[in-house]
Amino acid sequence: MAELRYTEEHEWVRMDGDIATVGISQYAQEQLGDVVYVELPETGRKVAPGDDMAVVESVKAASEVYAPVAGEIVEVNAALADAPEKINQDAEGAAWFVRLSGVDGDAVAALMDGDAYRAYVEGLE
Amino acid sequence: MSRRPRRASGGTPPADAGGAGPDAFTGTVSGNRALEIDEPLLFEQGDPSLSGVDLTEPEAFEERLGGLARDGAIGLPGVSEPQVVRHFTRLSAKNYAIDSGFFPLGSCTMKHNPRLNERTARLPGFADLHPLQPWSTVQGALELMDGLAHWLKELTGMPAVALSPAAGAQGELCGMMVIRAAHDAAGEGRRRVLVPESAHGTNPATAATCGYTVDTIPGDARGRVDLAEMKAKLAPDLAAIMITNPNTCGLFENDILEIARAVHDVGAYVYCDGANFNAIMGKVRPADLGIDAMHFNLHKTFSTPHGGGGPGSGPVALAEALAPFAPVPWLVHGKDGFALQESAAGPAGAAIGRLKAFHGQMGMFVRAYTYMLSLGGDGLAQAAEDAVLAANYMLAALKDTLSPAYPGYCMHECLFDDEAFRAFGITTLDFAKALIDEGFHPTTIYFPLVVPGAMLLEPTETEPKAELDRFIDAVKGLMARLEAGGAERIKTAPHYAPRRRLDETRAARHPVLRWRAHGAPKEGAE
Amino acid sequence: MRYLPLTDGDRAQMLDVIGAPSVDALFADVPASARLTAPLDLPDHAGEIEVNRALEALAAKNLAAGQAVSFLGAGAYRHHVPAAVDHLIQRGEFLTSYTPYQPEISQGTLQVLFEFQTQVTLLTGMEIANASLYDGASAAAEAVEMARRVTRRRGVVLAGGLHPHWRDCIATMARWSDAELDTAPADAEGAEDLAARIDGETAAVVVQNPCAFGHLRDLAPLAKRCHEAGALLIVCVAEPVSLGLVTAPGAMGADIVAGEGQAIGNGLNFGGPYLGLLATRESLVRQMPGRIVGETVDSEGRRGYVLTLATREQHIRREKATSNICTNSGLCALAFTIHLALLGEHGLKRLARINHARACALADRLVALEGVELLNAAFFNEFTLRLPVPAAPLVEALAHEGIFPGVPASRLWPGIEALDNLLITAVTEANDETDADALVGALARALS
């Protein structure tokens, strides 16, 4: 399994072949607090980097989840709709949001790796 | 996610550390606590055969409902008058209110609600008027509206007032719609609005409703609009700037004249959110600051009661150039006296339309007007001075105990961040809940968003000094306890309120928004 | 001054602690050129005696509906509000409390609003309701925006029986969106065919029942046509007492109900403050604007109530909020809840029967007058008469006798000649037999 890459907006991406799985980072879920609701996009939509892709809501905040790279949404994690608390429990694993096809592997590799992201987060605090 | 996701507040309360001690009889048998009586829902009481009103059944007659007679039970409970009075009296006992004590909720202006206002509003000559009565029968009501408008025009130095908006947010909508209409009429397709990042959430929400895109301007180190950043965003496509003055940090925007001049120079308007007018009424007129449109919150500045969340009233003062676009109805005065121009025709041909049915929040007009006559022009200015004095007193008294967000004097409210207690593992939320135990309503928390763990404190002018001092002592005492190791007690506050901390996560994840009879099937979601 | 508790001694002490030489120093940020140096042209403060006198003088220039013979309706209805309501809403803990941001010390307000939400869902036959909006007209405007968001369509059909103020509010709120409004002409006969106006771009059809002319219609066929086309049916209710006798909008297939709650618990007040009701299906809850109260438990497991689903609202979503609404109509909602609690199931139903019975009886007496025609086959407590003369001047003339026979249609739909002779008359339990006699007599004289 490929390692995770991260964006400055706290999304993570994992490449499996040419399918990219996207979620929000552990840090992001900690900041949000208890997640109460997730709004997922429809499959079939093409996204460009930075496009609004999903919304994750806690009791006191709502945050946009942006597309980290260009691609087409081929799958969404419907289980999140019934159990949004999964995001608090396993943000960087089972609680993925969407899967994108037609993704450029180089674009993903250009994102921050785990160490770089941790350093980035430390810089924010 | 944004780069700096906001730290969460609220959510699931911490499990309570206190257990039953060696004495098992710590609670009451009934679950009540003396005067604080647990009260079930209305729907859990009574009997369908009961009613709290006596009505005589009409004699048999032939219905003319076109076959649309309602079938079956509505499901409402039946109770007698004594039960109703007790029910709501017990519920009222669970509410903190201005009448209970200090209510320093920043940006809300929780000043005393005078009872004379309640008497005059209930005079049948005001309360029992139908909005569609012929004008000849309501001249006194229209004269009062005219009188109120006169006071608002005098206080702002502006020539026109739209009275109808139902609350501050609707007033903002009115102001921004009028600006949009004015530019449209001049053939100018301006679509961008500047909003400071410290603005109240209604501001960008309002701008979006008017079809504008929102361009956020950062604040500077002094808590004011960053003038250079603002100027960099001026261009001919700008419709308006939405400012609050004093701003949401409780500070007067010193550069307001320069801001207004620069904005006007590119042909845009200055909209002012007047929520904080209490600081400056009678001391400076918004028109003299270059403001083109400003809404009032009668339920903040002019003492009409907050009532558990409304009703409010949000009239909007308008500059000459914007007046033609004010929503109907317009108060007009002709040879037969006062009337209201109700349709967007004739003199009101350019009106943006209508924001609510009928004429506006007349009940609040009567109350606000009564307050204005009571305080007078001299009293309103004195009130502003006392409000600013009280806030600066709180700031000065607490600046070494809590952590002020910005240096210097404030206006009618002062702003702190959570620096003073964060090191103890205490959040602003925890501190607020501890204040509840001390017998106070907390300050506004987590607003404005630009200050981490913000606590916005607005004392208002109607607090006796002794009450301010009580609050100051309580805050100092809480900090002293924190320093002496009392963090745990504060983290699990409140201990004495009718309810401990409530599980907001559960409420949002599994919304239960109405009572249902036992065993009644839940209506299927579509 | 009686509302200002600070003494000169207090002020001096406070300045001392602040370290400022005077209060003026605290206003130093206000540009000197703008500071007021002379008092404004406003009177000085006054005591209760003078203020009371001034307000009573203004009130005396008005003819209260209770001092007249009033059959006015058209969106605001004069019902008897039991004495207990006004006493309870004036308790300081209700009157002077605020939005329940700190739920631990606001359980009174929160439980009342939870009860209110429940009452509104039961009355309307819907699944959920919010904790109130400003009034029925703005509730209708919000309902339209909801429907457009949900269906992602632009078209909105506005019935010709919709109250013109509500219609105009919808139009004003939609003015700078991409909404396309199809406004049907004023429907005095109650016969309009709205289904014909629905197409694949229709987000919602907005209809009022009873309509502004008083007609009662079965909306089930229209609801079916809407749903077949993927549109929502928004039903507006201006007279909530009708829900005690008439089939609920939810039972007829409504997707959203926008209502005016004034008639229950709240007096006429010359048009405001009133009470917006909004009810819908559970699946649409996240699109519903306004505050919502939900049930939960506290850390000791006791049932309690909180504002919930706040992430729809302006203070969190800002420009992406469902609405910009903040303050709503709390005290009016409280009055509604108390009045409806007093009425109860039987009281409301009986009250509705009394209203309808009196309207039927009065309608019969009025059509017995020469040249007077009743346009409504089915109605609740309001109907439209076609007079043999223009209604507006007749209404003006009768006002001098202290009689309000109804609202001339031309007041709400100006400039439509075909409506000039129409009078909209409402009857409630507050109108007794002597009122009816006075009205019939006055009309008979005026028409002879």
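Residues numbered from 1 in each chain as written. Chains lettered and ligands numbered in written order. Predicted model: local features only at pLDDT ≥ 70, side-chain atom pairs only at ≥ 80, totals over all residues.

### Some words on helix 13 (residues 391–399) of chain C
All names here are of chain C.
Part 1 of the reasoning: Listed in full, the buried residues belonging to helix 13 are Ala391, Leu394, Val395 and Leu398. The buried residues of helix 13 all sit within an arc of 100° when viewed along its axis, so they share a single face.
Part 2 of the reasoning: For helix 13, the secondary structure elements touched by its buried residues are strand 13 (403–404), strand 14 (407–408), helix 14 (409–412), strand 15 (422–426) and helix 15 (433–447). (Buried ≥ 20, exposed ≤ 12 C-beta atoms within 10 Å, placed from the backbone. Helix = DSSP H or I, 4+ residues; strand = E, 2+ residues; numbered from the N terminus. Arc of directions from axis to C-beta. Contact = placed C-beta atoms within 7 Å.)

### Thoughts on the sheet that holds strand 14 of chain C
Residue and element names in this part refer to chain C.
Part 1 of the reasoning: Strand order across the open sheet formed by four strands is 11-12-15-14, with antiparallel pairing between neighbours. Edge positions in the sheet fall to strand 11 (373–374) and strand 14, since each of these pairs with one other strand and no more.
Part 2 of the reasoning: Summarising the sheet, strand 12 (residues 382–386) and strand 15 pair through five bridges and their orientation is antiparallel. Across the sheet, residue Thr384 finds its bridge partner in strand 15, namely Ile424.
Part 3 of the reasoning: With respect to the sheet, helix 12 (residues 330–367) is in contact with strand 11 and strand 12, its orientation differing from that of strand 12 by roughly 5°. (Pairing = 2+ DSSP bridges. Axes fitted to C-alpha atoms, helices over the stretch in contact; angles between N-to-C directions.)

### A look at the environment of Ala260 of chain B
Residues and elements named next belong to chain B.
Part 1 of the reasoning: Mapped onto the elements of the fold, Ala260 is located in helix 8 (residues 256–265).
Part 2 of the reasoning: On the basis of neighbour counts, which here come to 21 C-beta atoms within 10 Å, the residue Ala260 falls in the buried class.
Part 3 of the reasoning: It is 9.2 Å that separates the C-alpha atoms of Ala260 and Asp292, two residues lying 32 residues apart in sequence.
Part 4 of the reasoning: Residues in contact with Ala260, not counting those within four places in the same chain, are Val270, Leu289, Gly290 and Ile291.

### Section: the domain arrangement of chain C
Residues and elements named next belong to chain C.
Part 1 of the reasoning: Domain annotation of chain C identifies domain 1 (65–81 + 345–447) and domain 2 (83–338).
Part 2 of the reasoning: Taken together, the contact between domain 1 and domain 2 spans 31 residues of the former and 29 residues of the latter.
Part 3 of the reasoning: Looking at the side of domain 1 that touches domain 2, the elements with two or more residues in it are helix 12, strand 12, helix 14 and strand 15.
Part 4 of the reasoning: For the side of domain 1 that touches domain 2, the element with the highest residue contribution is helix 12, accounting for seven residues.
Part 5 of the reasoning: Of the residues that constitute the side of domain 1 that touches domain 2, the class distribution is 20 nonpolar, seven polar and four charged. (Domains from an automatic or database assignment. Nonpolar A, V, L, I, M, F, W, Y, C, P; charged D, E, K, R; others polar.)

### A word on the sheet that holds strand 9 (residues 98–101) of chain A
All names here are of chain A.
Part 1 of the reasoning: Read from one edge to the other, the open sheet built from six strands follows the order 1-2-3-9-8-5, with strand pairing classed as antiparallel. Of all the strands in the sheet, just strand 1 (5–6) and strand 5 (46–47) have a single pairing partner and so form its edges.
Part 2 of the reasoning: Pairing between strand 5 and strand 8 (residues 71–76): two bridges, direction antiparallel. Looking at the pairing, Val47 lines up with Gly71 of strand 8.

### Observations regarding unusual backbone geometry
All names here are of chain B.
Part 1 of the reasoning: In this model, Asn245 is joined to Pro246 through a cis peptide bond whose omega is 0°.
Part 2 of the reasoning: In this structure, Pro329 follows Val328 across a cis peptide bond, with omega equal to 5°.
Part 3 of the reasoning: Here Pro329 shows up in the loop between strand 7 (316–318) and strand 8 (330–334).
Part 4 of the reasoning: Positive phi outside glycine occurs at Thr109, with the angle close to 50°.
Part 5 of the reasoning: Mapped onto the elements, Thr109 comes out in the loop between helix 1 (81–92) and helix 2 (115–121).
Part 6 of the reasoning: The class of Thr109 is buried, set by 26 C-beta atoms lying within 10 Å.
Part 7 of the reasoning: For Phe358, which is not glycine, the phi dihedral falls at a positive 60°.
Part 8 of the reasoning: Its place among the elements puts Phe358 in the loop between strand 9 (337–341) and helix 9 (362–398).

### Some thoughts on the confidence of the model for chain C
Part 1 of the reasoning: On average, residues of chain C score 96 in pLDDT, and 96% of them are at 70 or above.
Part 2 of the reasoning: Interface confidence in the predicted complex, given as ipTM, is 0.97; pTM for the same model is 0.94. (pLDDT = per-residue confidence, 0-100.)

### Quick look at the interface of chain B and chain C
Part 1 of the reasoning: Taken together, the contacts link 176 residues of chain B with 172 residues of chain C.
Part 2 of the reasoning: Listing elements by their share of the side of chain B that touches chain C, those giving two or more residues are helix 1, helix 2, helix 3 (124–127), helix 4 (139–156), helix 5 (168–185), helix 6 (202–209), helix 9 and helix 14 (504–509) of chain B.
Part 3 of the reasoning: If you tally residues by element for the side of chain B that touches chain C, the top one is helix 9 of chain B, at 21 residues.
Part 4 of the reasoning: Here the side of chain B that touches chain C is built from residues that sort into 91 nonpolar, 50 polar and 35 charged.

### A word on the nonpolar core
Part 1 of the reasoning: Counting residues in hydrophobic clusters, the biggest one holds 364 residues, and the most contacted among them are Val178 and Leu318 of chain B together with Ala140, Val205, Val206 and Ile234 of chain C.
Part 2 of the reasoning: For this core, the leading source of residues is helix 9 of chain B, giving 25 residues.
Part 3 of the reasoning: Discounting chain neighbours no more than four positions away, the residues touching Ala140 of chain C are Trp166, Cys169, Ile170, Val206, Ile234, Cys236 and Ala258 of chain C. (Core = buried A, V, L, I, M, F, W, Y, C linked by C-beta atoms within 7 Å.)

### Here we look at helix 9 (residues 220–228) of chain C
Residue and element names in this part refer to chain C.
Part 1 of the reasoning: The complete set of buried residues in helix 9 reads Leu222, Ala223 and Cys226. Projected onto a plane normal to the axis of helix 9, the buried residues spread over an arc of 100° and lie on a single side. Exposed residues on helix 9 whose side chains face more than 90 degrees from its buried face are Pro221 and Glu228.
Part 2 of the reasoning: Buried residues along helix 9 sit against strand 5 (202–208), strand 6 (232–237) and helix 10 (249–252).

### Digging into the packing of helix 12 of chain C against helix 15 of chain C
All names here are of chain C.
Part 1 of the reasoning: Taken N-terminus to C-terminus, the directions of helix 12 and helix 15 make an angle of 20°; their axes are 10 Å apart at the nearest point. On the basis of the axis angle, helix 12 is roughly parallel to helix 15. The crossing of helix 12 and helix 15 is right-handed. In this structure, helix 12 contributes Leu362, Arg365 and Leu366 to the contact, and helix 15 contributes Ala436, Val440 and Leu443.
Part 2 of the reasoning: Classifying every residue of the contact of helix 12 with helix 15 gives five nonpolar, no polar and one charged. (Parallel < 35°, antiparallel > 145°, perpendicular 65-115°, else oblique. Left-handed = near helix turned anticlockwise from the far one by under 90°.)

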